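Breakdown of the fold
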Amino acid sequence: MDDRQKQIEEIVDFVSHHKNSLASINICSRILGDKFVRVDDEVIRELKVKLPRADSEELEAFYYMIK
């Protein structure tokens, strides 16, 4: 598994387990935009699809938020 995939999995895992944290809310609102209201199972599914499409710089920023 490459570093990028590892970061994506760690971000999704963090958001799944810390749904109400400021970092999770920030990540979801940046990835999902205006339609984001709260972290739920649907949001986690969308995150799994959209995070791999994020550019490296944005992914680094998200990873930094959860560490």
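If you're wondering where the values come from, they're calculated on a predicted model, not measured in any experiment. (Residues numbered from 1 in each chain as written. Predicted model: local features only at pLDDT ≥ 70, side-chain atom pairs only at ≥ 80, totals over all residues. Heavy atoms only, no water.)

Notes on the overall build of the chain
Each helix and strand counted, the chain has 4 helices and 0 strands in total. Taken from the N to the C terminus, the helices and strands of the chain come in the order α-α-α-α. Whereas a compact globule of 67 residues would reach a radius of gyration of roughly 11 Å, the chain reaches 11 Å, a difference of no more than 12%. Taken over the C-alpha atoms alone, the chain extends approximately 30 × 20 × 20 Å along its principal axes. Looking at the chain as a whole, 37% of its 67 residues are labelled buried. (Helix = DSSP H or I, 4+ residues; strand = E, 2+ residues; numbered from the N terminus. Rg over C-alpha atoms; globule rule 2.2 N^0.38 Å. Buried < 20%, exposed > 50% of the residue type's maximum accessible area, 1.4 Å probe, protein only.)

Digging into helix α3 (residues 41-50)
Residues of α3 that are buried: Val43, Ile44, Glu46 and Leu47. What you see down the axis of α3 is that its buried residues fit within an arc of 165°, all on one side. Residues of α3 that are exposed and point more than 90 degrees away from the buried face comprise Asp41 and Lys48. On its buried face, α3 sits against α1 (3-17) and α2 (22-32). Of the residues that open α3, the one with a side-chain oxygen 3.2 Å from the backbone nitrogen of Glu42 is Asp40. (Arc of directions from axis to C-beta. Contact = heavy atoms within 4.5 Å. Polar contact = N/O pair within 3.5 Å; in protein donor to acceptor, adjacent residues only side chain to side chain.)

Some remarks on the pattern of salt bridges
Per the stated rule, a full pass over the model turns up 4 salt bridges. Between Arg45 and Glu42 there is a salt bridge, and its shortest N-O distance comes to 2.9 Å. Here the residue Arg45 and the residue Glu42 both occupy positions in helix α3, the gap between them amounting to 3 residues, near one helical turn. Arg45 gets classed as partly exposed once you look at its relative accessible area, which sits at 47%. Taking relative accessible area as the criterion, Glu42 reaches 40% and is therefore assigned partly exposed. Connected via shared salt-bridge partners are Lys6, Glu10 and Lys67. (Salt bridge = Lys/Arg side-chain N within 4 Å of Asp/Glu carboxyl O.)

Comments concerning the nonpolar core
With 21 residues, the main nonpolar core has Ile11, Val15, Ile27, Cys28, Ile31, Leu47 and Leu51 as its most contacted residues. Those elements that place two or more of their residues in this core are α1, α2, α3 and α4 (56-66). Beyond its immediate sequence surroundings of up to four residues, Leu51 is in contact with Arg4, Ile8, Ile11, Val12, Ile31, Leu59 and Phe62. (Core = buried A, V, L, I, M, F, W, Y, C linked by side-chain atoms within 4.5 Å.)

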